[in-house]
Each structure stands twice: as structure tokens, then as C-alpha cells.
Amino acid sequence: MLLPMAETTPAVEIKDLVKDFKTSFRKQMLRAVDGVSIRIMPGEVYGLIGPNGSGKSTTMKALLGLVAPTAGHCAIFGKDSLKVDSRNDVGFLPENPYFYKHLSGAETLRFYGKLCGLKGRALEQRVGELLALVDLEGARDRRIGGYSKGMLQRIGLAQALVQEPRLVILDEPTAGVDPVGSRQIRDLILKLREQGITVFLCSHLLEQVQEVCDHVGIICKGKMVREGRLDDLISIEDQTEIVLKDASPELISQITALAGSAGASLVRTGKPRTTLERLFLRETTHADD
Amino acid sequence: MSNTTMISRGSHVSRIWVIALHAFTQLVRMKVFYFLAVFAVIAIASNFFDLPQHEGPESVGVNVLRSIKSWSLGTMTLFSVVLSIVATALLLPKDVEDRTLYTILAKPVPRMDYLAGKLLGVLLLVFVSLALMDVLMTAVLQIRTSMVMEQQLEMARAMDWPQDAIESLRAETLAQGPSWSLQGAVFAVFLRASVMASLALLISTFSTSTLFTTIISFLIYFIGHFQADARDVYLQAGQAGEGVFARLASLLISLVLPDFQNFNVIDAVIEGQAMPLLVLGKLTLIGLYYAVFFTVASWFIFAEKEF
């Protein structure tokens, strides 16, 4: 069956992107991104991971037209990134954003909404919806200057969503946020995925990327070193995992023996562990009660 | 189909207006209007400044009125130029530093709309500030003119002046009071501040700091007061000014660097002379030329800028 046009056009298409920057010393060129290609289809959640200075943010900025590619091409839903109309369908949350401190949360969303052509009742309705979505209704009239780091990230995510974009670009969305705030942002990303919104994010927190992304690219020194479906990338093909509940030591012995007789070997047995983050969230939630 | 395609994206004008109103609000919430209190003190205090007297007693009242206008317009010039340079120099680097610029340019906002909006916001602030100062100056001047007129007429009658001399004194005193020419002078102050704001905008598109933009803008402001004299001296200095190249260079300088001596008509208004409409029209065209020239030049640089 043929897919409709809108679904066959990639949400993000980066082809052989190269970006050189002049360094102040002797005007030598520094290659920040070297031949990176990324293709993200509508509805996918794509995580770009890599060490500091590997070219993640530059790739995102090139996609948003904030820097011009030295070579290569970037497009959003088929529209050239350097053209303003490509930004109609994009929401962007930069790393460590600081919004206008003199505005309240609601005023901030109103400002960005108006920039996107929203007005009147539709704008007010959208502001209300977004504040509810990011759980900031209680702080709608408080000045942004008094917001915590987590609240800033959430209002940042809300402004990114103000014009109902089909693509959301998030640069380190949970940087500097405590585990509870981090979890809220992650839940919001999962909500976006459920709504069919394409998400392109970069993060240092690999566990979070693993939890929300279905496609991952690993970038290092400006080059894409590995890319693909997350499940394909992290599964160990020659091993199988069985998790049992209430298994007796005898049963484990029998399974070990059975595996040995069938020519397989038992690599490891033990108790599955929760993550430190889950433990933290459980304990701090109880403390609140 | 996505909902987004159904949303009206807004026109350039509406986007510029949104950014302008925001820049205006931002500056107002920085409490810049506190300087109006200083202006009020100066406007009232200028009633009591003693000027050196070389004329007869009939000129005392008129000199007080001149003093009010002189101090008020001088303070307006100072505040409006400082406000236009500092506010413009502050807005752009602050947006880059706080990364709010990323979130704005990541929306469907052309860079020209952003620049024009910021400039318009500063101009709106300068206009409102000047309007408020103008109201205060006119009120003080009106009250003082009535008082001076009463004193002058009383003095003239006591000295048995002939009727035509009294009428002449009345006309002279009225010419120093509030007039349309005075409003024209305030508008000229606004035009000069607009030129400076657009110049500061141009510098801030390639400068790396607010301090650099502010210093260079003030430097050009001072050069602007002397560049016409400097060009005249150069062109009249023997053979140097006779060549075609020298004349072209001089023309180029006057096209790029604003000649603020054009705004000296304000001094004539302080002296009580009328400002012809033609002069005001010429000033408006000069102001518009420089403001548009600097804004378009800012756009050329800003359009290619990487963040």
C-alpha cells in the first residue's frame, strides 16, 4: 500500500552535512561536523548521542538554520532548513535555555504563540493547554526569573510546542534537572511520541535516550560512527534472556543442565536490579507522602 | 493534515509589532522610566537657574523661559541618545547570551522581522519617554510664560511704555513660550535618537559586547557633530580638496556618517525662532534615510550571522 505523501517525506533529512568554523588563532578551520547524514521519518523518536564537542548541537543548529552548512543539505519535511518556512513545523528547546525573566510563564507562551501567528481565544486556549501539559498551571503568573531549572526546561518544552509542530528538536532536555524533573520531561517526550510527533533529541544521559528513543545515532569527532534502530544496536544476537519469578535453586539447576545438554551455556544468573534513578524516585515520592 | 497548516502564520507587520511590544515591555520592566523623575527635577529647577544678565530688566523673564527650554531640550537629548544607544546595545547580545534568540529564530521569524521589531521597540520607548518629558516641559513652560507675561506687562505699565512697545514685549514673551516649533524641536530630538538607535543596532550585529557597541556608538555620535566642519576644512585646504576623489570620499562619508549639525535648528527654537515646516520635513527625510540605511546594513550582516 502506498503511504500518503506526508508520511513518505522524512521529517528530518540531513545529507552529508559538513560544518567548518574559523578558529580565532591563524584563522585555521575547525571541522565540527564531518559528512553526517540522518534521516528521521514522521513519528520516530531519534536520539543523537556523543561526547562533548562531538558536533551534536552544531548538527541541530544547522537543521534549524542557525548555522549555514559548509557542505551538504538539511531539510525539514522536505523544506530547505535555510528557508524560514521550514520552521513552521518545528519546535526547538535549546540546551540550558533562559527565557525572558521579566515575563511570566503564561506571557512567555503568549509571546511565542503570537510569533507563530496565534491570537485571540485560540492563543489563550493553547497557553492553558500547554501549561497543563507541562504541569505549570500553578506558576502561570509567576515571573520566569523565579522558576527552578526543571520548571525552565518544562516551560521551554511548552514554548517549543506552542504552534503544534510536527517535529520537536530537544538539545539536552534534561541537562541540570533533578531526577524528578528529568522524569517529568521524559514522560512528556513519551506523550509526544504517543501523539505521533517526531522528536529529535540529543542527550548525554544514555539511559534516558534508551528509554524514549526508537532510533539512535552515535556521533564522535563530527562523524557518525553508528546509527540504526535502538533494539538492533543494543541486542546481543547470540544470547537470550529469560526472567523468571519465584524460581527455586533446583529449577535453575535443571535449566542449566538442560542448556548444557542442548549445546548452550549459561552465561549468568542473578537478581535483576532496579536502577538508582527508580530507587531515588520511589524513595523521594514516599518522602513527599 | 496537521493543525499547524491551518494556523495563520501572521504577517511581517504583526510579527514585528509583537517583537517591538515585547522589547518595549522588557525595557519598561527594567525601570528605565525612573529617569523621568530626574527630568522633572531639572525642568522645575531650570526656573531658578541664574543666567548672566547683560540686558535690561524686561529681558529677565524671557531668559528664564529660554533657560527652561534649553535645559529641558538638552536633558531630552541626553536621555534619548543614552537610552537609544544603551537599550539597543543591550537587547541583541542579551538574547544571544541567554539563548532566547535561538528559540525566536527557530520559529518562523525572518531575521529582518526580529531586527526591525527590536529597533521599533526601542524607538517606541524613546518616543513615549520624549512625549512624557514634552508634556512636563510644556506644562512648566506654559505656567511660567503666564507668570512672566503678567510681570512684564505690570512692569511696562508702571514704566508708562507706549502701547506698541507693550504689544512688542507681549509678542516677544509669547514667542518664548510653548509653540508648534517647540514640538518640532522635540520631534527633531526623537529623529536624532532614532538615527543613533539604528546605528547602535548596526554595530551590535557584529560587535561582541554591549560595552563595545555603546562606546563606538557614542564615538560616532560625537564625530557626527564635527564631521561637516572637518569635511569643509579638508575640501577648502588647498589642492587636497580639489580632486574628484577627495570630493567623492567626502560625499561617501556624509552618506555613511550622520551629520548631526543638521539638528542644530533646535538651538534656534530655544532662542524663540520659528521652525519652518520645510526644515522639519528635511530633517525627517535625513533621519529616515540614516535609520533605513543603518537598519538595512544591520540586516545584511545579521542575515549571514551564525549562532
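Residues numbered from 1 in each chain as written. Chains lettered and ligands numbered in written order. Predicted model: local features only at pLDDT ≥ 70, side-chain atom pairs only at ≥ 80, totals over all residues.

Observations concerning the overall build of chain B
Going by this rule: Only DSSP runs of H or I with at least four residues qualify as helices, and only runs of E with at least two residues qualify as strands; both kinds are numbered from the N terminus onward. To sort residues by burial, count the other C-beta atoms lying within 10 Å of each one's C-beta; a count of 20 or more means buried, 12 or fewer means exposed, and anything in between means partly exposed. C-beta atoms are built from the backbone. What counts as a contact is two residues whose backbone-derived C-beta atoms lie within 7 Å of each other.
Across its full length, chain B holds eleven helices and zero strands. Helices and strands appear in chain B in the N-to-C order α-α-α-α-α-α-α-α-α-α-α. Within the span of chain B, comprising 307 residues, buried residues form 39% of the whole. Sequence-distant contacts, at least 24 apart, represent 83% of the contacts inside chain B between residues at least 6 apart.

Points about the nonpolar core
Stated precisely, the cut-off is as follows: Joining buried Ala, Val, Leu, Ile, Met, Phe, Trp, Tyr and Cys residues through C-beta atoms within 7 Å gives a set, and that set is a nonpolar core.
Grouped together as the largest cluster of nonpolar side chains are 141 residues, with contacts concentrated most on Ile169 of chain A together with Val189 of chain B. The element that contributes the greatest number of residues to this core is helix α7 (residues 180-206) of chain B, accounting for 16 residues. Those residues within four positions of Ile169 of chain A in sequence are excluded, and the remaining contacts are Met60, Leu63, Leu64, Val90, Phe92 and Phe200 of chain A.

Focus on the interface of chain B and chain A
Condition: Here the nonpolar group is Ala, Val, Leu, Ile, Met, Phe, Trp, Tyr, Cys and Pro; Asp, Glu, Lys and Arg are the charged ones; every other residue, Gly included, is treated as polar.
Chain B puts 26 residues into the contact, and the matching count from chain A is 30 residues. Take the side of chain B that touches chain A: its biggest share by element is five residues, from helix α4 (residues 100-105) of chain B. Class assignment for the residues of the side of chain B that touches chain A results in ten nonpolar, nine polar and seven charged.

Points about the packing of helix α3 (residues 105-115) of chain A against helix α4 (residues 120-133) of chain A
All names here are of chain A. Test applied: Working convention: axes come from line fits to C-alpha atoms, limited for helices to the stretch in contact. Angles between N-to-C directions cover 0 to 180 degrees. Any angle between 65 and 115 degrees counts as roughly perpendicular, while under 35 counts as roughly parallel, over 145 as roughly antiparallel, and the rest as oblique. The crossing is said to be left-handed when, going from far helix to near helix, the turn is anticlockwise and less than a right angle, and right-handed when the turn is clockwise.
Running from N to C, α3 and α4 cross one another at 130°; their axes reach a closest spacing of 10 Å. Taken together, the axis directions place α3 and α4 in an arrangement best described as oblique. Crossing handedness for the pair α3 and α4: right-handed. Residue-level contacts link Gly105, Ala106, Leu109, Arg110, Gly113 and Lys114 of α3 to Leu123, Arg126, Val127, Leu130 and Leu131 of α4. Of the residues contributing to the contact of α3 with α4, the split by class is six nonpolar, two polar and three charged.

Things to note about the sheet that holds strand β6 (residues 90-93) of chain A
All names here are of chain A. The criterion, for reference: By this definition, two strands are paired if DSSP reports at least two bridges between them.
Across the sheet, which stays open at both edges, the six strands sit in the order β6-β7-β8-β3-β9-β10 with mixed pairing between neighbours. Strand pairing shows two members of the sheet lacking a second neighbour, β6 and β10 (223-229), which therefore form its edges. Geometrically, the sheet is characterised by an average inter-axis angle of 15° between neighbouring strands, direction not taken into account. By the bridge criterion, six bridges tie strand β9 (residues 215-220) to β10 in an arrangement that is antiparallel. What sits directly across from Ile219, in β10, is Met224. On the sheet, helix α2 (residues 56-63) packs against β3 (45-49), β7 (167-171), β8 (198-202) and β9 and is oriented at approximately 150° with respect to β7.

What to know about the pairing of strand β1 (residues 12-22) of chain A
All names here are of chain A. Sheet analysis places β1 next to strand β2 (residues 29-40), joined by nine bridges and oriented antiparallel. For Leu17, the partnering residue across the bridge sits in β2 and is Val36. One ladder, built from five bridges, connects β1 with strand β4 (residues 71-76); its direction is antiparallel. Within β4, the residue paired with Val12 across the bridge is Ile76.

Description of the sheet that holds β2 of chain A
Residue and element names in this part refer to chain A. Taken together, four strands build an open sheet; the order of strands is β2-β1-β4-β5 and the sheet is antiparallel. Each edge of the open sheet carries a strand with a single partner, namely β2 and β5 (79-80). On the sheet, α2 packs against β1, β2 and β4 and is oriented at approximately 115° with respect to β1.

A look at helix α9 (residues 249-261) of chain A
What sets the pattern is the α-helix's 3.6 residues per turn: residues three or four places apart point alike. Residue and element names in this part refer to chain A. Rules: Take the number of residues in a helix, subtract one, and multiply by 1.5 Å to get its expected span.
Counted at 1.5 Å a residue, the expected span for α9 with its 13 residues is 18 Å, and the 18 Å between its end C-alpha atoms agrees. Taken across its 13 residues, α9 has zero buried, putting it largely on the surface. One or two positions beyond α9, positive phi appears at Gly263, with a value near 85°.

What about the domain arrangement of chain A?
Stated precisely, the cut-off is as follows: Note that domain bounds follow an automatic or database assignment of domains.
Partitioning chain A into domains gives domain 1 (5-234) and domain 2 (249-288). Centre-to-centre, using C-alpha coordinates, domain 1 of chain A lies 36 Å away from domain 2 of chain A.

Digging into the packing of α7 of chain B against helix α11 (residues 277-304) of chain B
The relative placement of two packed helices comes down to the angle between their axes together with the axis-to-axis distance. Residue and element names in this part refer to chain B. With their axes 8 Å apart at the nearest point, α7 and α11 run at an angle of 15° to one another. In this view, α7 runs roughly parallel relative to α11, as classed from their interaxial angle. In this structure, the crossing between α7 and α11 has a hand that is left-handed. Here Gly184, Phe187, Ala188, Leu191, Ser194, Val195, Ser198, Leu199, Leu201, Leu202, Thr205 and Phe206 of α7 come into contact with α11, specifically with Leu280, Leu283, Thr284, Gly287, Tyr290, Ala291, Phe294, Thr295, Ala297, Ser298, Ile301 and Phe302.

Some thoughts on α2 of chain A
Residues and elements named next belong to chain A. Burial analysis of α2 places eight of its eight residues in the buried class, the great majority of the element. Every buried residue of α2 is listed here: Lys56, Ser57, Thr58, Thr59, Met60, Lys61, Ala62 and Leu63. Within two residues after α2, Gly65 carries a phi angle of roughly 75°, on the positive side.

Observations regarding the environment of Gly228 of chain A
Residue and element names in this part refer to chain A. Along the chain, Gly228 turns up in strand β10. Look at Gly228 and you get exposed, because 12 C-beta atoms sit within 10 Å. Between the C-alpha atom of Gly228 and that of Ala106, which follows or precedes it by 122 residues, the distance is 39 Å. Setting aside anything within four residues of it in sequence, one finds Gly228 in contact with His215 and Leu233.

Side note on the pairing of β8 of chain A
Looking down a regular strand, the side chains alternate between one sheet face and the other. All names here are of chain A. Cut-off, in case you're wondering: Looking down the strands as they point away from the viewer, one classifies a crossover as right-handed if the path from the first strand across the helix to the second runs clockwise.
In terms of burial, β8 is largely enclosed, as five of its five residues are buried. Along β8, one buried face is formed by Thr198, Phe200 and Cys202 and the opposite face, lined by Val199 and Leu201, is buried too. Relative to β8, β7 is paired through five bridges, and the arrangement is parallel. Paired with Leu167 across the bridge in β8 is Thr198. What joins β7 to β8 is helix α6 (residues 179-194), and the crossover it makes is right-handed.

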